[in-house]
Structures are given as structure tokens and as C-alpha cells.
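# Examining the three-dimensional arrangement
Each chain, letter by letter, is given below.
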There are 2 protein chains.
Amino acid sequence: MARLKDVAQLAGVSTATVSNVLRGAKPATPAVERRVLAAAAELGYVPNPHAQSLRTGHSRALGLVVPDLTNPYFPALVQAIETTARALGYALIVMDAGNDGARDHESLALLATYRVAGVVWVPVDDRTTVDWPFPIVTVDRPLDGCDAVVADHAQGGALVAAHAIARGHRRVGLLSGPRALASAAARREGFLRAAAGTLEIAWEREVPFSSDLPPAAVERLAEPDCSLLVCANDAIAVGALRALRDAGARVPEDVSVIGFDDVPWAEFVEPALTTVRQPLAELGAGAVAMLHARIAGPGDARRFETHPVTLVARRSVADLHAAASATPPAGGQT
Amino acid sequence: MARLKDVAQLAGVSTATVSNVLRGAKPATPAVERRVLAAAAELGYVPNPHAQSLRTGHSRALGLVVPDLTNPYFPALVQAIETTARALGYALIVMDAGNDGARDHESLALLATYRVAGVVWVPVDDRTTVDWPFPIVTVDRPLDGCDAVVADHAQGGALVAAHAIARGHRRVGLLSGPRALASAAARREGFLRAAAGTLEIAWEREVPFSSDLPPAAVERLAEPDCSLLVCANDAIAVGALRALRDAGARVPEDVSVIGFDDVPWAEFVEPALTTVRQPLAELGAGAVAMLHARIAGPGDARRFETHPVTLVARRSVADLHAAASATPPAGGQT
DNA sequence: AAGCTGAGGTTAATCGTTTAACCGAACCTG
DNA sequence: CAGGTTCGGTTAAACGATTAACCTCAGCTT
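Residues numbered from 1 in each chain as written. Chains lettered and ligands numbered in written order. Predicted model: local features only at pLDDT ≥ 70, side-chain atom pairs only at ≥ 80, totals over all residues. Heavy atoms only, no water.

On to the overall build of chain A, then. A tally of helices and strands in chain A yields 11 helices and 12 strands. Relative to the globule expectation of 20 Å for 334 residues, the C-alpha radius of gyration of chain A, 26 Å, shows a markedly less compact shape. Each principal axis of the C-alpha distribution contributes one length, and for chain A these read about 85 × 40 × 35 Å. Residue burial in chain A is summarised as follows: out of 334 residues, 50% are buried. With an accessible surface of roughly 14400 Å², chain A has 54% of that area assigned to carbon and sulfur atoms. (Helix = DSSP H or I, 4+ residues; strand = E, 2+ residues; numbered from the N terminus. Rg over C-alpha atoms; globule rule 2.2 N^0.38 Å. Buried < 20%, exposed > 50% of the residue type's maximum accessible area, 1.4 Å probe, protein only. Areas by Shrake-Rupley, 256 points an atom, 1.4 Å probe, with all protein chains shown as cover.)

Structure below.
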């Protein structure tokens, strides 16, 4: 592989000049510049990133630490992050923390030894102090003192309430997520605020983010006693769908269900799930852009971005204004 | 951060000695060895990987190139690869080729500039010549001249046939995948061989790996004319489920469906899908182990590993031997 | 006792960049 | 025209490891 020295020799200048020209660090005579560029092109020169990193003390690599790749939330996020990182000239070192807080920090430590220029981090637990030799931006879990991009969960909750109201629902049941999680709390909060005065909360159960509903919730679902089930999560919604089916209730004819996240298979369950879509691609791209900016300006004020979510209406919530008796037309997706 | 030099100074020896001791390259006096280890521990010394790479010409990083992270097949694979790579002391640089052959090669080129020690590659198209400055092992798509791990698709096909026979099916319809893909061909082949003489192939349609079935296939499904639908893929199976539902057929009472892959939501569709599970974790771990071996022994013979698949029986295929009229018990998953 | 050997260290070159320090020529400028 | 500036370029010193070559000295052999 061609080295800087080879380019310099071919162009008949010193390595310093080549380096300066190639990086646009110092201006050079047009003639010299042309010769250098030509030589570099001819040799197919590509700088050795390790030499660069050694010299400058930082690499053109970014780290990404996620709690668990098999969580359906992440692949789209990772993809967006990788794509925009690459477009900005960074390589991406990915680490999976296996939902383990200790491994989370171990990963950051490892990234530190690699002198990455920055890290995109989705922490497994919300509150952990941070003190690392690189800038960090977190996704979806704000940590004090470091940049963050988040989806607007509260707005999502409001969207759900609005949709319910628009479709003529009055009494709803709530399967809310772990109150301890900021995102779950925000969804609930946003929903409640927008529902206030219009929607009646028949009952509420706090359940984990999982399709395996606790028995208490399953029992409750045997006699729903409401026209709409608001779930904090698509996983929960799928669990609800299953429980309702087992109880002999038809969705959405007897009771409607709405989820949150728009996991990849939300459209494949029966009936296709109405849910709130998180802007994963935007979140990922935004995080990398923010990190890039922070690398350029370490001293700037803390950055914080919140991205709007959208509701995607499918078949799982009935329109009570439409002929109340008729079955909604099949295949009515999107 | 502590450098080799600092350790040497603290231990009262030369940097060469420290380097040798730490890597176990050359034996040293027990006393010296102890001093060095103590010093390194005290300073929390971690070698600078860029300096190492610069000097040795290769890094302790592996590359991973996949066609498309949002394909449900990959997250579990990537996770296994990352985990075992990390256990072996490698960092993992992940690249998404966006299902684009050109980008695929571009990614490899980029990895070359990073002097990765090796690459795990899932090529977007099967036949591409390979000539790179690092060892490669491919997953699921063997390329001549480079190591590979693959799932035993033919065996999977045989498993499907055996299951069909065991459950009393006689006439089956085939929704086979793109014949051009080696994996699809192997599945079909394995199935046909095991079915020969026992199962009657009522009809066959070649369709792409997608839930959006071509009209021709949908039409065929309106009048299935068989007791079991063998799908080359879970995506296809989901499409079939949808088409059958639209046609008013009940699964599995009227017709059974079987898939392949065991995507994460195979258990969430209605009815839960019987399918063949690919050993993603084993495939990933195997690939990295193989790559590691190849890095150690560049001259060794070509390696090729095939991993067995397993059938996971859920509700979507009926047992014709059981009371033919009765509905299978609900909730009978696993 | 002279000479060889080998074990255990050290010295210094090297990997491919970046960048501070320097240098000469050309270009004002008063 | 003598004396700054600028401009465009070079030289050489890092960065932090690895490793070939060399050195020293204790222990053996004859």
C-alpha cells in the first residue's frame, strides 16, 4: 500500500507538503497542489488511520453501545447511525451490552482504549455518571451533562389520546409500562394530559415491557370493560392481543388495541396494529450529526434534540363513529 | 493514560522488557516479571492499539459486512459475532451494505484501509471474486476460495418434509424461493428429496423472499387444493397467512402453513408459525472462531462448517392424525 | 584459565503520519 | 535599498508500541 512518502517522492516534494495539501491544512502553489493530487491519485493513496490516530491522539472511528441488538428497536437505529457515520468519514465500532450495566461501562472503557472520537450510547440504565475521554451523545435516555437525542414520547401519548377521541372511544384501559423508565412515564403523562376531561380511564395496570403479561393483567383483560386498550409498547400490545383472543374477544370488533413503537412486525400481527412510530432513522442520524458537531466544538453548550413521532393507523382500533355494527373492511391497512 | 514507557520507568527496566513480558514473548526473571506486572497493574496500563497496529501492520479489529441490518435475520447473528469477537479480544467494525453490491465492496475496501485482521462477510450477491489483504469468512453464502459457515438448509428442508409426513399430510403446495439463491435451492432440494414417494406436490410457485406475494401466488392460494403450504421463508409464510385469511380459509383447520427461518415474530403471528430455526448464534460464533483460526494459520486448508437447523413446532400446522374435526387446543405454543 | 554458550537485558530503528520550527526568496514599504 | 512580512516549502521531532541486533555476565567445557 502506498505511503505518504511514496506520494511525496513521486510528486517531488516533502511529505509535509503532501500531508498539508491532502488535508487542506496549508495552501500551496497550484502547480504543487496539482502534482501532489495527481501522485496521490495515481498511487491510490489512502492514509493509514493508525498512524494518524497515533499522531493526533484520536481516531476517525465512532463507538456505538446498545443494550441489546435483538431488541427490535435497535436494528433500524444502528443502520441509520452506521450510514450517517460512514457518510461523515467515520468507521463504527459496535458493542452490545447484553442488557448488563456492568458490561455497558466495560464497553465504554474498551472504546476509550481505541481512542474513538466519540460515542453514541443507549445506556441500559438511566442514571449513571459519565466521565470519559470522549464526547458522548445518548439516544432516548438523557443523562445530565451529556448531549442527547430523544423521541417525543409525551407527544406520542397525546397522539394516542387524540386518535382514541377521534374514533369515538370514551372508556379506555391502560397497560402502562414501568413507571421508573423516563420514556414510559412520558408516554403515560402525555396521554393522560391529552385525555383529561374527555377520556375516562376505566382502570390501569403497570406491566413490564414484554409480551408475557402478568396474570393480574391477563385477568383484567378477560373482562375488558372498555372500548380501547392503550398499551405502552407494541410488545405489551401483542400480549394483550393474545390474552384477548384467549378470552374470546374479537379485536377490534369487541375491543380495540393500540401500541407504541411500531416494531417491524406490528403490521403482521392479526389485526395489524395501530401504533406510534418512533423516528429511528432520524434519531440515529441526528445523534451522529450531534456527535460530529460536539467533536468539532467541545466547549459548546449542551445539545438536546427531541424528534416528533407519528401515529400509524392500522386495523386494531375501531372507528366507533362508523356503522357501529359493521365489521371494518378487511385489508384496510396503512 | 499510561504508556509503555511509564511502566518501564516504574519497574526500572527497559520498554523492550516490558513489552516482552506483557506479551509473553520472551521469558524473564521471575523478579523482573513480577515488578513489570505490578507496575502495569498499578498504572492501569493498556496498550495503545493504534501504536500496535502501526508497528505490526495489523489491528486487533475485525470487520463485519452485512447486506441489511433491518433484515430480521441479522441482529441475532451480529450479536453473536460481536460477543465472541470481544471475548477473543477483537473490536468489531460493522458496516451495512444497504443491499447494494457496490457498497458491499466499498465496505471491504474501507476495512482494508483500517488494516482489520479479518472480516466476516455476508455478501449481498453470491458470486463475486475475492482478493483482499485480509482473511474472510462468509456466512451462509459460500464463495470459492474463502472459508465459510452455513446453515444446513437441505437438512431443514428434510425436516419440513418429515414433519409434514409425521402429521399425516399428503398433498402439499410449494411456495419456493428464488431458485438463484443457493440457500433457497438447498431448502427445496432437501425437501423434495425427503418428500419423494410419500408427499405429493400439488403445485409449486417460485416467489421472492417477501410478504408481498405476487398475484399469481395469491390466486393459487384462493383455492389451495392441498393440506399444507410449504414456504421457503417466514416472510413468504406470513404473506400466505394473509392471503389465506383474505380468501376465508382458516389456518390450520382448513390448511396448514410452515415457514423457514424462525424470525423473531414467528411466534406472534396468528396462528403461531411452525418453522425451521437457523442456529444464528452458533453461526456467528463459528464464523468468528474460524476467522480467528485463519488469522493464526493463513496457510491452512480451506475451512467449511455446516450447522444443523431445528424444527420448531407451533400451531400453524395441523396434526391430521388427531381428531380430524376438532380444533387444536389454543395456546399450544412452543 | 581461556573460550564458548545462552539467558536475560538494553539500545535503537522502525511503522506512517502530523506539526512545530525553521529557512530562503519574493514582496512590499517607508 | 535596507529591513520587515508573507508565502511556500523543508527538516526533523514526535506519537507509542515492536523487534532485530547487540551487549554482559554467569556457568560450563576442555
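Having put the structure on the table, let's press on.
Moving on, we come to the interface of chain A and chain B. Chain A puts 45 residues into the contact, and the matching count from chain B is 45 residues. A per-residue breakdown of the area chain A buries against chain B is headed by His50, Arg86 and Phe268 of chain A, which together make up 18% of the total. Our enumeration of links across chain A and chain B arrives at six salt bridges. We note a salt bridge from glutamate 270 of chain A to arginine 245 of chain B, for which the minimum N-O separation is 3.1 Å. Linking chain A with chain B are 17 residue pairs in polar contact (both at pLDDT 80 or more), by the criterion used here. The set of elements that each furnish at least two residues to the side of chain A that touches chain B consists of α4 (49-56), α5 (74-87), β2 (91-96), α6 (101-113) and α10 (234-246) of chain A. In terms of residues, the side of chain A that touches chain B owes the most to one element, α5 of chain A, which gives seven residues. Classifying every residue of the side of chain A that touches chain B gives 22 nonpolar, 11 polar and 12 charged. (Contact = heavy atoms within 4.5 Å. Buried area = accessible area lost by both parts, 1.4 Å probe. Salt bridge = Lys/Arg side-chain N within 4 Å of Asp/Glu carboxyl O. Polar contact = N/O pair within 3.5 Å; in protein donor to acceptor, adjacent residues only side chain to side chain. Nonpolar A, V, L, I, M, F, W, Y, C, P; charged D, E, K, R; others polar.)

Within the structure shown, the criterion is met by seven aromatic pairs over all chains. Each ring, one from tyrosine 73 of chain B and one from phenylalanine 74 of chain B, has its centre 5.1 Å from the other, and the planes form 85°; the classification is edge-to-face. The same class applies to tyrosine 73 of chain B and to phenylalanine 74 of chain B, which are both buried. Put simply, the rings of Trp265 and Phe268 of chain A together with Trp265 and Phe268 of chain B pair up and form one aromatic cluster. The residue whose ring lies beneath arginine 60 of chain A is tyrosine 90 of chain A, and the NZ or CZ to ring-centre distance is 4.6 Å. (Phe/Tyr/Trp six-rings, centres within 6.5 Å; stacked < 30°, edge-to-face > 60°. Lys NZ or Arg CZ within 6 Å of the ring centre and 35° of its normal.)

Right, let's get into the relation of the copies chain A and chain B. It takes a turn of 180° to lay chain A on chain B, together with a shift of 0.0 Å along the axis; the resulting RMSD is 0.1 Å. Given the turn and translation reported, the copies of this chain are related as if by a two-fold rotation axis. An overlap of 100% is found between the interface residues of chain A and their copies at the interface of chain B, pointing to a shared contact surface. (Least-squares fit on C-alpha atoms with pLDDT ≥ 70 in both.)

All names here are of chain A. What the domain assignment lists for chain A is domain 1 (4-151 + 279-308) and domain 2 (153-277 + 312-320). The C-alpha-based centres of domain 1 and domain 2 are spaced at 39 Å. Each partner contributes residues to the interface: domain 1 has six residues there, and domain 2 has eight residues. Regarding the contact of domain 1 and domain 2, the summed buried area is about 620 Å², with carbon and sulfur atoms giving 53% of it. (Domains from an automatic or database assignment.)

Here we come to the protein's contact with DNA strand C. In the region of DNA strand C, 25 residues are neighbours, and Leu4, Ser19 and Arg55 of chain A together with Thr17 and Thr29 of chain B sit closest. Taking the atoms of DNA strand C that fall within 4 Å of the protein, sugar and phosphate contribute 68% of them. Contact between DNA strand C and serine 19 of chain A: a phosphate oxygen at 2.5 Å from a side-chain N or O atom of the residue. The side chain of threonine 17 of chain B places a nitrogen or oxygen atom 2.6 Å from a phosphate oxygen of DNA strand C. (Near = heavy atom within 4 Å.)

All names here are of chain A. Relative to the assigned elements, threonine 275 resides in strand β10 (residues 275-277). Taking relative accessible area as the criterion, threonine 275 reaches 0% and is therefore assigned buried. A distance of 3.4 Å separates a polar side-chain atom of threonine 275 from the backbone nitrogen of aspartate 262. In contact with threonine 275, not counting residues within four places along its chain, are Asp234, Ile258, Gly259, Phe260, Asp261, Asp262, Ala266, Thr310, Leu311, Val312 and Arg314.

On to helix α5 (residues 74-87) of chain B, then. Residue and element names in this part refer to chain B. Its 14 residues place the ends of α5 20 Å apart at the C-alpha level, agreeing with the 20 Å of an ideal helix rising 1.5 Å per residue. Counting buried residues in α5 gives 11 out of 14 residues, a clear majority hidden from the surface. Those residues of α5 not exposed but buried are Phe74, Pro75, Leu77, Val78, Gln79, Ala80, Ile81, Glu82, Thr84, Ala85 and Arg86. Just downstream of α5 lies glycine 89, where phi reads positive at about 90°. (Expected span 1.5 Å × (residues − 1).)

Our next topic: the sheet that holds strand β7 (residues 200-206) of chain A. Residue and element names in this part refer to chain A. The four strands are arranged β7-β6-β8-β9 in an open sheet whose pairing can be described as parallel. Since the sheet does not close on itself, it has two edges, and those belong to β7 and β9 (256-258), each with one partner. Mean inter-strand twist for the sheet, computed between neighbouring axes without regard to direction, equals 20°. Examined bridge by bridge, strand β6 (residues 171-176) and strand β8 (residues 228-231) share four bridges and lie parallel to one another. Each bridged residue has a counterpart across the sheet, and for glycine 173 the counterpart in β8 is leucine 229. Taken strand by strand, helix α9 (residues 215-222) contacts β6, β7 and β8, and its axis lies near 150° from that of β7. (Pairing = 2+ DSSP bridges. Axes fitted to C-alpha atoms, helices over the stretch in contact; angles between N-to-C directions.)

Moving on, we get to the protein's contact with DNA strand D. With respect to spatial proximity, 25 residues lie near DNA strand D, and among them Thr17 and Val32 of chain A together with Leu4, Ser19 and Arg55 of chain B are the closest. Between a phosphate oxygen of DNA strand D and a side-chain N or O atom of tyrosine 45 of chain B, the distance comes to 2.7 Å. Among the secondary structure elements, those contributing two or more residues to the surface near DNA strand D are α2 (15-23) and α4 of chain A together with α2 (15-23) and α4 (49-56) of chain B. In terms of residue class, the surface near DNA strand D is built from 11 nonpolar, eight polar and six charged.

Okay, the pattern of salt bridges next. Enumeration over the complete set of coordinates arrives at 40 salt bridges over all chains. Arginine 220 of chain B is the partner of aspartate 225 of chain B in a salt bridge, and the nearest nitrogen-oxygen pair spans 3.7 Å. Under the relative-accessibility criterion, aspartate 225 of chain B is labelled partly exposed at 42%. Via salt bridges that share partners, Glu82 and Arg86 of chain A together with Arg103 and Glu106 of chain B belong to a single interconnected network.

With that out of the way, let us pick up the environment of arginine 127 of chain B. Structurally, arginine 127 of chain B is set in the loop between β3 (118-121) and β4 (136-139). Taking the relative accessible area as the measure of exposure, arginine 127 of chain B reaches 71% and is therefore exposed.

The next thing to look at is the sheet that holds strand β6 (residues 171-176) of chain B. Residue and element names in this part refer to chain B. Pairing is parallel across the open sheet formed by four strands, whose spatial order is β7-β6-β8-β9. This sheet does not close on itself; its edge strands, each paired only once, are β7 (200-206) and β9 (256-258). Each strand of the sheet is rotated relative to its neighbour by a mean of 20°, with strand direction disregarded. Against the sheet, helix α8 (residues 182-195) makes contact with β6, β7 and β8 (228-231), and its axis sits at roughly 165° relative to β6, the strand it touches most. With respect to the sheet, helix α9 (residues 215-222) is in contact with β6, β7 and β8, its orientation differing from that of β7 by roughly 150°.

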